[in-house]
Structure formats: C-alpha cells, structure tokens
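Geometric and topological summary
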Amino acid sequence: MNTYRTAEIAHRTGIHPNTVRLYEELNLITKPKRLPNGYRVFTDLHLEQIIFARTALKAEILLNGLRKQAVDIIKEAACLKYDSALKMTENYLQQIKKEQRNSEEAIRITQKLLSGKPEEWGNEVYTRKEAANYLDISIDSLRNWELNGLLLVKRKQNGYRIYTEEDLVRLKIIRLLRRANYSLSAILRMLNALTISSSADIRQVIDTPAETEDIISVCDKLLTSLSEAETLANVMEIQLNKMKKLYPVNSTL
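Residues numbered from 1 in each chain as written. Predicted model: local features only at pLDDT ≥ 70, side-chain atom pairs only at ≥ 80, totals over all residues. Heavy atoms only, no water.

1. A few points about the overall build of the protein
Counted only if it meets this: Secondary structure elements are defined from DSSP: runs of H or I of at least 4 residues count as helices, runs of E of at least 2 residues count as strands, and each element is numbered from the N terminus. The globule rule used for comparison is 2.2 Å times the number of residues to the exponent 0.38, while the radius of gyration itself is calculated over C-alpha atoms. Here's how the labels work: a residue is buried when its accessible area is under 20% of the maximum for its type, exposed when over 50%, partly exposed in between, all with a 1.4 Å probe on protein chains only.
When you go through the protein residue by residue, the secondary structure sums to 11 helices and 6 strands. Taking 18 Å as the expected radius of gyration for a compact globule of 253 residues, we find that the protein reaches 25 Å, considerably beyond that expectation. By its C-alpha atoms, the protein is 85 × 35 × 30 Å across when sized along the principal axes. Residues classed as buried in the protein amount to 43% of the 253 residues present.

2. Here we look at the sheet that holds strand β3 (residues 40-43)
Quick note on the threshold: At least two DSSP bridges between two strands are required for those strands to pair.
One open sheet accounts for 3 strands, arranged β1-β3-β2; its pairing is antiparallel. For this open sheet the edge positions go to β1 (3-4) and β2 (33-34), each flanked by a neighbour on one side alone.

3. What to know about helix α4 (residues 66-78)
Threshold: Working rule for helices: expected span equals 1.5 Å times residues minus one. Residue contacts are defined here by distance: any two heavy atoms, one from each residue, within 4.5 Å place the two residues in contact.
Between the first and last C-alpha of α4 there are 19 Å, a value that for 13 residues agrees with the 18 Å anticipated at 1.5 Å per step. Of the positions making up α4, those classed as buried are L66, A70, I73, I74, E76, A77 and A78. Contacts from the buried residues of α4 go to α3 (44-58), α5 (82-114) and α11 (222-246). Where α4 terminates, the next one or two residues include L80, which has phi positive at roughly 65°.

4. Some remarks on the packing of aromatic side chains
Our working definition: Put simply, two rings from Phe, Tyr or Trp (the six-membered ring, in Trp's case) pair if the centres are within 6.5 Å, and we call them stacked under 30 degrees between planes, edge-to-face over 60, tilted for the rest.
Tallying each qualifying case throughout the model produces 1 aromatic pair. Between Y126 and Y134, the ring centres sit 5.9 Å apart and the planes meet at 35°, which makes this aromatic pair tilted. By relative accessible area, Y126 is classed as buried at 13%. On the basis of relative accessibility, which here comes to 44%, the residue Y134 falls in the partly exposed class.

5. Here's the deal with unusual backbone geometry
We note that N27 has phi near 65°; this positive angle belongs to a residue other than glycine. Tracing the sequence through the fold places N27 in the loop between α2 (17-25) and β2. On the basis of relative accessibility, which here comes to 41%, the residue N27 falls in the partly exposed class. In the Ramachandran plot, L80 falls in the positive-phi region, its phi being about 65° despite a non-glycine side chain.

6. Concerning the sheet that holds strand β4 (residues 125-126)
Definition in use: To define axes, lines are fitted to C-alpha atoms, for helices over the stretch in contact only, and angles between the resulting N-to-C directions are given on a 0 to 180 degree scale.
In space, the 3 strands of this open sheet follow the order β4-β6-β5, with antiparallel pairing throughout. With one partner strand each, in any of the chains shown, β4 and β5 (154-155) form the two edges of the open sheet. Sheet analysis places β5 next to strand β6 (residues 161-164), joined by 2 bridges and oriented antiparallel. Considered in β6, the bridge of R155 is made with R161. Packing against the sheet, helix α8 (residues 165-179) makes contact with β4, β5 and β6, and its axis sits at approximately 80° to β6.

Pasting the structure below:
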C-alpha cells in the first residue's frame with residue numbers, strides 16, 4: 001500500500017494540508033500512524049476516505065438532519081464499519097427521495113390551488129388572528145411572510161388588517177411550500193412570476209433564481225439541490241463498496 005505525507009495526500013485530493021488535519025481531528029478519516037519524529041503517515045485507504053468525505057460533504061442540503069446523516073456516514077466509514085455505513089447511506093438516500101416527493105407534491109398541490117377561479121372564493125374577511133388560526137400557523141409566521149413581501153395586506157378604514165378568501169388561498173400556498181422547505185425568496189419569486197403571467201411554469205420558476213438574486217440558501221433551488229444530493233448519495237454507495245473490497249476491516253494502515 002502506498003504511503004503519503006500530509007502535503008502529498010492534500011495535493012492528491014485537492015485540499016489544504018490543514019483540512020487533512022481537520023478531517024483527522026473530526027474523525028472523518030482513520031487515525032494515521034506516526035513516525036518516531038511525529039510525522040503522519042497516510043495510505044491509499046486515507047486517500048479513498050478523504051475522497052469519500054468530500055463527496056458526502058458536497059451535498060449542500062441541510063434540512064431535516066440530512067447533513068448530520070452524511071457526517072455520521074463518513075465517521076462510520078472511517079471506523080471501517082462498511083456494512084453499517086452502507087445501511088446508513090441507504091437510509092440517507094431514502095430520506096432524500098422522501099424530501100423530493102414532498103417538494104414535488106407541494107408543487108402539484110400549489111398548481112391545483114391556483115387553478116381555482118376568483119368567483120369561487122367567498123366575500124368573507126378575517127382578522128390576523130382568525131387567519132392564523134384558520135391556517136394553523138403562528139401570528140409571527142404570518143407577520144414574517146408579510147414583511148418579506150409574500151402578501152400585500154389590506155386594511156380597513158380603522159387601520160386593522162383584513163384577509164380575504166383570496167388571501168387565504170395565497171397563504172395556504174405559502175404554508176404548503178414552506179413546510180416542503182422552499183425558501184421565502186423562492187416562494188416570492190414564484191408568486192411574482194404568477195403576477196406577471198398566470199401561465200408561468202411554477203416548477204421551473206421556484207427552482208431557478210435569477211442571475212441578479214443573492215442566493216442565501218440551497219432551498220432557493222431546492223429541487224436541483226435534492227437531485228444533486230441523490231446523485232452524490234449513489235456515488236457514496238459505490239465508493240463504500242470499493243473501500244469495503246479493497247480495504248477490509250483487517251487491512252493494515
């Protein structure tokens with residue numbers, strides 16, 4: 001098995017030597033042996049482990065504990081517990097697919113809600129508290145959505161906010177998309193596009209930030225990010241099987 005110094009393995013994996021040391025400190029790779037002078041001695045196994053860790057960490061999705069799952073898989077692989085790491089990767093992939101289904105379902109329901117005709121909505125109006133109770137959300141959430149421009153609030157002559165049936169439909173859409181982990185900026189982008197054209201492709205708009213937008217979160221392009229995470233999870237499975245075959249538990253470092 002080939003051996004490498006810290007600088008050599010860093011060069012081969014395209015990371016800084018300090019990052020190699022950090023991976024060791026965080027238990028993302030197997031502890032390397034040391035020479036009498038204290039120098040670390042890395043092997044081909046460490047090379048594969050760093051490549052594996054970089055693949056897993058490349059997925060930017062943080063929602064619902066997915067990032068932690070990826071880190072736990074890396075640590076399991078670093079302990080040469082390949083079978084459990086593979087099982088964890090399978091669960092990780094299933095969670096990603098579940099999030100994808102939720103995201104796509106939210107789009108489908110949004111399309112259905114938007115297909116309603118204005119004449120189908122009643123004339124009843126609601127106070128902020130009534131609207132929040134009806135939607136089963138907090139007043140703070142409602143206020144936050146308004147402050148972020150997702151809803152233009154109407155007011156009575158006395159200054160009190162009122163919410164129409166049309167507003168509730170819009171709020172249902174916002175609530176649905178938020179629960180599916182779409183960002184506020186992505187939802188606003190979609191709503192603005194629909195204001196310009198009711199025939200806008202909401203699936204494309206909600207997943208495609210404009211070039212002028214500052215992307216704060218991967219949830220601004222949730223569908224793309226989940227798809228990328230799925231691809232990386234499949235690569236992780238391949239890499240784990242490779243390490244299991246080439247570097248079994250009883251292999252020497």
